[in-house]
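Fold and contact review
Spelled out from the first residue to the last, the chains are:
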Amino acid sequence: MVKLIIVTGFPATGKTTIASHLSKTLILPLFTKDTYKELLFDQLGVKDRAWSRQLGKAAIEILFRELEECLKADVSIIVDANFMLDRDSARMSALIKSYEPIVTQILCKAKGEVLVDRFSERTNRGRHPGHNDQVTLEKLRPIFLSGLVEPLDIVGKLIEIDTTDWNSVDLEALTNEVK
């Protein structure tokens, strides 16, 4: 049976760390919004925040296209993006209805102050400049501090993980739960 594992949540919650671990452990392909976005920056150039958002929309389109191709070919897949309840739920639901994979959604959460610190740290560690993280942090700060992250409104199993303290995140237990 085909599996669809969706890793979502706010930026800096550890989505890619978790998705990469699952991909390696479960031997499943991983597709991430940021990978596509950074390839687009490399090919089309780095500009302002509006450009970054435009390429982010293009990256989501590519991600959904790849997801559908995998499901159509009966290939299990892991996808990693900051999916949005209002923007992405209907589209994801349509794919799930069409291809009927076994769905596990992993919602990554962390305390707002921790997310602000992590986001700032990763900006300073040399994250791709196309993301315009210096400007983006100020826009995201109130969203991070609100703590109002919601999962996609889709069928399937939902696993919520608090990544505020990485030492308390048991990746092996998560892997077993996803299996």
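Keep in mind it's a predicted model, so treat the numbers as computed, not measured.

1. Quick look at the overall build of the protein chain
- Helix and strand counts for the protein chain stand at seven helices and five strands.
- Along the protein chain, helices and strands appear, N-terminal first, in the series β-α-β-α-α-β-α-β-α-α-β-α.
- Taking 179 residues into account, the globule formula puts the C-alpha radius of gyration at 16 Å, and the protein chain, at 16 Å, falls close to it.
- Oriented by its inertia axes, the alpha-carbon framework of the protein chain measures out at about 45 × 40 × 30 Å.
- Out of the 179 residues belonging to the protein chain, those deemed buried represent 47%.
- Sequence separation of 24 or more characterises 78% of the internal contacts of the protein chain that already satisfy a separation of 6 or more.

2. So, the nonpolar core
- Core analysis: the biggest nonpolar cluster contains 22 residues, and L4, I6, L63, L67, V79, F83 and M92 have the highest contact counts within it.
- Secondary-structure elements contributing two or more residues to this core are β1 (3-9), α3 (49-72), β3 (77-80) and α4 (85-99).
- No other element matches α3, which puts seven residues into this core.
- Beyond its immediate sequence surroundings of up to four residues, L4 is in contact with L67, I77, V79, M92, I96, P101, I102, V103 and T104.
- Counting residues in hydrophobic clusters, the runner-up holds 15 residues, among them L26, L28, I106 and V169.

3. As for the environment of L63
- Assignment of secondary structure puts L63 in helix α3.
- In sequence terms L63 and V79 are 16 residues apart; their C-alpha atoms lie 7.8 Å from each other.

4. A few points about helix α7 (residues 171-178)
- Burial in α7 covers these residues: L174, T175 and V178. Along the long axis of α7, the arc covered by the buried residues comes to 100 degrees, so they all point the same way.
- Those residues of α7 that are buried are in contact with β1, α1 (15-26), β4 (102-109) and β5 (157-162).
- At the N-terminal boundary of α7, the capping side chain belongs to D170, with an oxygen 3.2 Å from the backbone nitrogen of E172.

5. Considerations on the packing of helix α5 (residues 112-124) against helix α6 (residues 133-146)
- Axis separation between α5 and α6 bottoms out at 9 Å; the angle between their running directions is 170 degrees. Classified by the angle between their axes, α5 and α6 sit roughly antiparallel to one another. The segment α5 lies against α6, with G112, E113, L115, V116, F119, S120, R122 and T123 engaging D133, Q134, T136, L137, L140, R141, F144 and L145.
- In the contact of α5 with α6, the residues fall into seven nonpolar, five polar and four charged.

6. Remarks on the packing of helix α2 (residues 33-44) against α3
- Following both chains from N to C, one finds α2 and α3 inclined at 125 degrees, their axes separated by 8 Å at the closest point. The orientation of α2 with respect to α3, classified from their angle, is oblique. Here α2 and α3 pass one another in a crossing that is right-handed. Along the contact surface, α2 presents K33, Y36, K37, L40, F41 and L44, while α3 presents W51, S52, L55, G56, A58, A59, I60, I62, L63 and E66.
- Taken together, the residues of the contact of α2 with α3 sort by class into eleven nonpolar, two polar and three charged.

7. Some points on the packing of aromatic side chains
- For the structure on display, the rule yields three aromatic pairs.
- Residues F10 and F144 carry aromatic rings whose centres are separated by 5.8 Å and whose planes lie at 55 degrees to one another, so their mutual orientation is tilted. Within this pair, whereas F10 is found in the loop between β1 and α1, its partner F144 is found in helix α6, the two being separated by 134 residues in sequence.
- Taking relative accessible area as the criterion, F10 reaches 14% and is therefore assigned buried.
- Assessed through its relative accessible area of 1%, F144 is described here as buried.
- Joined through ring pairs, the aromatic side chains of F10, F119 and F144 make up one cluster.
- Its guanidinium or amino end placed over the ring of W51, K47 lies 4.2 Å from that ring's centre, counting from NZ or CZ.

Conventions used here
The residue numbering used here restarts from 1 in each chain and proceeds along that chain's sequence as written. Owing to the predicted nature of the model, reporting of local features is limited to residues with pLDDT of at least 70; listing and counting of side-chain atom pairs is limited to 80 or more, with chain, interface and lining totals taken over all residues. To obtain the side-chain values, all non-hydrogen atoms of the structure were included, while hydrogens and water were left out. For helices the rule is a DSSP run of H or I covering at least 4 residues; for strands it is a run of E covering at least 2, with both sets numbered from the N terminus onward. Just to be clear, the radius of gyration here is over C-alpha atoms, and the globule rule we use is 2.2 Å times residues to the power 0.38. Burial here depends on accessible area, computed with a 1.4 Å probe over protein chains only, as a share of the maximum for the residue type. Under 20% is buried, over 50% is exposed, and the range in between is partly exposed. Between two residues, a contact is recorded if the distance between any of their heavy atoms is within 4.5 Å. The definition of a nonpolar core used throughout is a set of buried Ala, Val, Leu, Ile, Met, Phe, Trp, Tyr and Cys residues joined through side-chain atoms within 4.5 Å. The arc in question is traced by the directions running from the helix axis to the C-beta atoms. Think of a polar contact as two N or O atoms within 3.5 Å of one another; within protein, one of them needs to be a possible hydrogen donor and the other a possible acceptor, and neighboring residues in sequence only count if both atoms come from side chains. Angles shown run from 0 to 180 degrees and are taken between the N-to-C directions of axes, each axis being a line fitted to C-alpha atoms and, for helices, limited to the stretch in contact. In this scheme, roughly parallel covers angles under 35 degrees and roughly antiparallel covers those over 145, while 65 to 115 is roughly perpendicular and the rest are oblique. Only Asp, Glu, Lys and Arg are considered charged, only Ala, Val, Leu, Ile, Met, Phe, Trp, Tyr, Cys and Pro nonpolar, and every remaining residue, Gly among them, polar. Two helices that cross are described as forming a left-handed crossing if the nearer one is turned anticlockwise from the farther one by less than a right angle, and a right-handed crossing if clockwise. Ring pairs are drawn from Phe, Tyr and Trp, using the six-membered ring of Trp, whenever the two centres fall within 6.5 Å, and their geometry is named by plane angle: stacked under 30 degrees, edge-to-face over 60, tilted for the rest. Counted as over-ring charges are cases with an Arg CZ or a Lys NZ within 6 Å of the ring centre that also lie within 35 degrees of the ring normal.

These figures capture arrangement, not role.
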